[in-house]
Amino acid sequence: MSTPIEATTVKAAAPKGDMISTLANKWKSKPGSLIMALHELQVKVGFVQRESAMRLGHEMGVPLAQIYEVVTFYNYFKTEAPGKYIISVCLGTACHLKGAGGVLASLSAELKVPEGHSTPDKEYHLQAVRCLGCCGLAPCVSVNNKVYAKLKPEDGRHVIECIQIDKPMIDIEQESVTD
Ligand code: FES
C-alpha cells in the first residue's frame, strides 16, 4: 500500500480563482484555444462549472454564450459534477509506464464501475485523463483537484479509504510540479 507523499513535496494549491487565472493567461493569447482551456479546466476540476466558465470567459475575453456553445456542442464536456468525488487516473505516458493501468484496474474493481462511469449512489466517478502535469510523481490520481502520487497498482482500495475518512491529500499546483 502506498503512503501519500508529504505535502511539502509540492507547493500548496493556489485558490481556485488563481487556477482559473493561470489557465486564462496560458491560453488567451493563443488563437482558437478556448477548447484547450475548457479541456484543461475539466481535467483539473472534473466538469465545467458555470461560475468557473464565467470567470474563465471574463479573463479570456470570451463571451459566456460562446463558451456554452462549445461546452454543449461537444459531448466530452460535463456541466454538472458526475459524482461527489471525481477520481481521475492519469494514463499519460509517464504514468502509463509506471503502472497507471493497474491503478485504474484496482480502482475500478474497488468501486465496481468501469472507467468513465459513476457509482449508482453518485459518490464516485472514475475517469481516465491524459497528464495531470506532475509526471515526476507518476503514477498519479487526482480526486477533486487533489492528488495521490507514486501509487502502486494495488492502491485502489487505499485511495478510496483515504477519501472515505477525509484524509488530507496533497494539493496539486500544476505549474509547480510539471516536468
Ligand atoms: S503522465 Fe501522468 S502526470 Fe504526466
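Residues numbered from 1 in each chain as written. Predicted model: local features only at pLDDT ≥ 70, side-chain atom pairs only at ≥ 80, totals over all residues.

### A short note on the overall build of the protein chain
1) Next: Secondary structure summary: the protein chain contains eight helices and six strands in total.
2) Next: Ordered by position in the sequence, the α and β elements of the protein chain form the string α-α-α-α-β-α-α-β-β-β-β-α-β-α.
3) Next: A burial count over the protein chain gives 36% of its 179 residues as buried. (Helix = DSSP H or I, 4+ residues; strand = E, 2+ residues; numbered from the N terminus. Buried ≥ 20, exposed ≤ 12 C-beta atoms within 10 Å, placed from the backbone.)

### Here's the deal with helix H3 (residues 50-60)
1) Next: Buried within H3 we find Ser52, Ala53, Arg55, Leu56, Gly57 and Met60.
2) Next: Backbone geometry just after H3 places Gly61 at a positive phi near 75 degrees.

### Details of unusual backbone geometry
1) Next: Cis geometry marks the peptide bond from Ala138 to Pro139; its omega dihedral reads -5 degrees.
2) Next: At Cys131, a residue that is not glycine, the phi angle is positive and equals roughly 60 degrees.
3) Next: Classification of Cys131 as partly exposed rests on a count of 18 C-beta atoms within 10 Å.
4) Next: A positive phi is found at Lys150, a non-glycine position, where the angle reads about 50 degrees.
5) Next: For Lys150, the position within the fold is in the loop between strand E5 (146-148) and helix H7 (156-164).
6) Next: A tally of 16 C-beta atoms within 10 Å means that Lys150 is categorised as partly exposed.

### Regarding the environment of Ser21
1) Next: Inspection of the secondary structure assignment puts Ser21 in helix H1 (residues 16-27).
2) Next: Accessibility expressed as a C-beta count within 10 Å gives 15 for Ser21, which makes it partly exposed.
3) Next: Each C-alpha atom of the pair Ser21 and Arg55 lies 8.3 Å from the other, and the pair is 34 residues apart in sequence.

### Side note on the environment of Val45
1) Next: Tracing the backbone shows Val45 in helix H2 (residues 34-45).
2) Next: Spatially, the C-alpha atoms of Val45 and Val143 are 8.8 Å apart, while their sequence positions differ by 98 residues.
3) Next: Setting aside residues no more than four positions away along its own chain, Val45 makes contact with Ser52 and Asn145. (Contact = placed C-beta atoms within 7 Å.)

### As for the confidence of the model for the protein chain
1) Next: For the protein chain, mean pLDDT is 81; residues scoring 70 or higher make up 83% of the total.
2) Next: In this model residues 1-15 is a low-confidence stretch, pLDDT under 50, and it forms 29 contacts with partners more than four residues away in sequence or in other chains.
3) Next: Long-range and interchain partners of residues 171-179, a stretch whose pLDDT sits below 50, account for 30 contacts in this model, where long-range means more than four residues apart. (pLDDT = per-residue confidence, 0-100.)

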